[in-house]
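The residues making up each chain are set out below.
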Amino acid sequence: MTQKCEVCGKSAQMGNSKVERGMPKYLGGNGRKTTGITRRQFKPNLQRIRVQEGGSVVRNVSALNVFALTKCRKPWYVSPLHFLLRSNHS
């Protein structure tokens with residue numbers, strides 16, 4: 001399974017994981033020191049969704065591999081999902 005939203009196309013992004021030690025200055029310490037920086041992956045919050053085809057809900061969504069971000073599942077978010085499904089399964 002690819003870590004990609006089927007609706008908006010958002011996928012995983014790379015970033016840094018930072019490890020620090022010490023007490024912050026505003027708490028009376030000498031300051032925070034960075035002891036290590038490693039690369040990490042920020043993965044999207046994908047959820048499996050139900051899809052409607054022809055007015056009926058398709059139960060076997062895993063066969064369609066439809067995953068969407070939680071943002072894309074909101075009722076106010078206008079999604080082009082039905083256009084994607086028609087082009088993939090025609």
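As the structure is a computational prediction, the values presented were derived from the model and not from experiment.

Engineer: Any details on the overall build of the protein chain? Residues and values, ideally.
Structural biologist: Tallying secondary structure elements over the protein chain gives two helices and six strands in all. Scanning the protein chain from its N terminus toward the C terminus, one meets helices and strands in the order β-β-β-β-β-α-β-α. Counting only residues that meet the buried cut, the protein chain has 18% of its 90 residues in that class. Approximately 7000 Å² of the protein chain is accessible, and the part contributed by carbon and sulfur atoms is 48%.

Engineer: Please provide a residue-by-residue account of the pattern of salt bridges, values included.
Structural biologist: Considering all chains together, one arrives at two salt bridges under this definition. The salt bridge partner of Glu20 is Lys18, with a shortest N-O separation of 3.2 Å. Across the salt bridge formed by Arg32 and Glu20, the nearest N and O atoms sit 3.2 Å from each other. Here Arg32, found in the loop between β1 (13-21) and β2 (33-42), pairs with Glu20, found in strand β1; they are 12 residues apart in sequence, far enough to count as distant. By relative accessible area, Arg32 is classed as partly exposed at 44%. Residue classification places Glu20 among the partly exposed positions, given a relative accessible area of 32%.

Engineer: Give a detailed account of the environment of Val19, specifying residues and quantitative values.
Structural biologist: Counting through the fold element by element, Val19 comes out in strand β1. You can call Val19 partly exposed: its relative accessible area is 46%. In this structure the C-alpha to C-alpha distance between Val19 and Lys33, which are 14 residues apart in sequence, comes to 8.5 Å. Discounting residues that sit within four places of it in the chain, Val19 has contacts with Lys33, Thr34, Thr35 and Gly36.

Analysis parameters
- Residues numbered from 1 in each chain as written.
- Predicted model: local features only at pLDDT ≥ 70, side-chain atom pairs only at ≥ 80, totals over all residues.
- Heavy atoms only, no water.
- Helix = DSSP H or I, 4+ residues; strand = E, 2+ residues; numbered from the N terminus.
- Buried < 20%, exposed > 50% of the residue type's maximum accessible area, 1.4 Å probe, protein only.
- Areas by Shrake-Rupley, 256 points an atom, 1.4 Å probe, with all protein chains shown as cover.
- Salt bridge = Lys/Arg side-chain N within 4 Å of Asp/Glu carboxyl O.
- Contact = heavy atoms within 4.5 Å.

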